[in-house]
Amino acid sequence: MSFFSNFSSDRCPGTISGNPLNGLCEKVCIQAEKIFDAGIIQTRLENYNAVITDPVPANPTYPLTFISARSLSTGVTVSNLNVERQTEGQCARVQVTVTVPIEIVYVDAAGVEGKASSSVTLNEDVLMFVPSASVMPYTVTAVASCVSPEGTFSGDGAFAISACITLILKVAMQVELLVPSYGYCAIPPAQEYTQEVCSGFFELPLYPQGKACSKK
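What you are looking at is a predicted structure, and each value in this text was computed from that prediction instead of being measured. (Residues numbered from 1 in each chain as written. Predicted model: local features only at pLDDT ≥ 70, side-chain atom pairs only at ≥ 80, totals over all residues. Heavy atoms only, no water.)

Peer 1: Teacher, can you tell me more about the nonpolar core here?
Peer 2: In terms of nonpolar packing, the biggest core is built from 31 residues, with Ile104, Val120, Phe159, Ile161, Leu167 and Leu169 touching the most fellow members. Going through the elements one at a time, β1 (26-51), β3 (65-71), β5 (91-107), β6 (113-129), β7 (139-153) and β8 (158-181) are the ones with two or more residues in this core. With eight residues, the single largest contributor to this core is β5. For Leu167, the residues in contact, after removing those within four places along its chain, are Gly39, Ile40, Ile41, Val98, Leu122, Glu124, Ala142, Val143 and Ala144. (Core = buried A, V, L, I, M, F, W, Y, C linked by side-chain atoms within 4.5 Å. Buried < 20%, exposed > 50% of the residue type's maximum accessible area, 1.4 Å probe, protein only. Helix = DSSP H or I, 4+ residues; strand = E, 2+ residues; numbered from the N terminus. Contact = heavy atoms within 4.5 Å.)

Printed below as a string of structure tokens:
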């Protein structure tokens, strides 16, 4: 079944029907990442110099012909963080360098398709809500998605690429939160995927359907 298969139980997550207070049984302390603020930045880079490393297969035959590039699912790093609190409230100027790892796909001069690692670096300067001083430190993190449909080989193991980037900056902290709870979840059994090759055949009637011949 799984949660997604709409397993009907009051011990499964989903849409609340009726009084939401029904079933509350305890206050629970959970450890979670609290997001104090987040903002999205979308930008387009033109003729960005992306130097490649670790080509696969190794030692491609130059020159290379660009096919495409996109970001990897992990590895976005934040560095050079500088936070300047403003005179009023808890708003702060946040300056940060974000490095987004990407993978470039190409064809070398011998017609062999390959791929290599590279990265895109962004310098951002934004206003964000920053919590007041406390024992537990906050962090500024980032997630990003990058796609590059255009690029040319510029020599010296680099491509000049055009890239579209969506970046989300977050101010976060690991905290212990007290939340109301309905108790533990009931985990339904997972439904196994099967490709039933005989389903259409087994559903056929044993004998053809039709009217019996009438006697004249």
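Peer 1: Can you walk me through the pattern of salt bridges in this structure?
Peer 2: Pairs can form between side chains of opposite charge once their charged atoms are near each other. According to the stated counting rule, one finds four salt bridges in the structure shown. As a salt-bridge pair, Arg93 and Asp125 come within 2.6 Å of each other at their nearest N and O atoms. With Arg93 in strand β5 and Asp125 in strand β6, this residue pair connects regions lying 32 residues apart in the sequence. In this structure Arg93 comes out as partly exposed when scored by relative accessible area, which is 30%. Looking at Asp125, the relative accessible area reads 43%, which means it is partly exposed. One salt bridge connects Glu103 with Lys115, and the closest N-O pair in it is separated by 3.9 Å. On the criterion of sequence distance, the pair formed by Glu103 in strand β5 and Lys115 in strand β6 is long-range, its members being twelve residues apart. On the accessibility criterion, Glu103 (28% relative accessible area) is partly exposed. One network of salt bridges, in which partners are shared, links Glu84, Arg93 and Asp125. (Salt bridge = Lys/Arg side-chain N within 4 Å of Asp/Glu carboxyl O.)

Peer 1: Looking at this model, I keep getting lost on the side chain of Ser148. Mind explaining?
Peer 2: By the element assignment, Ser148 lies in strand β7. For Ser148, the residues in contact, after removing those within four places along its chain, are Phe66, Ser68, Ala69, Ile161, Ser162 and Ala163.

Peer 1: Teacher, can you tell me more about unusual backbone geometry here?
Peer 2: Note: most peptide bonds trans; most residues except glycine with negative phi. For the bond running from Val56 to Pro57, omega is 0°, close enough to zero to count as cis. Looking at the secondary structure, you find Pro57 in the loop between β2 (53-56) and β3. Between Tyr62 and the following residue, Pro63, the backbone shows a cis peptide bond with an omega angle of 0°. The topology assignment puts Pro63 in the loop between β2 and β3. Even without being glycine, Asn47 reaches a positive phi, approximately 55°.

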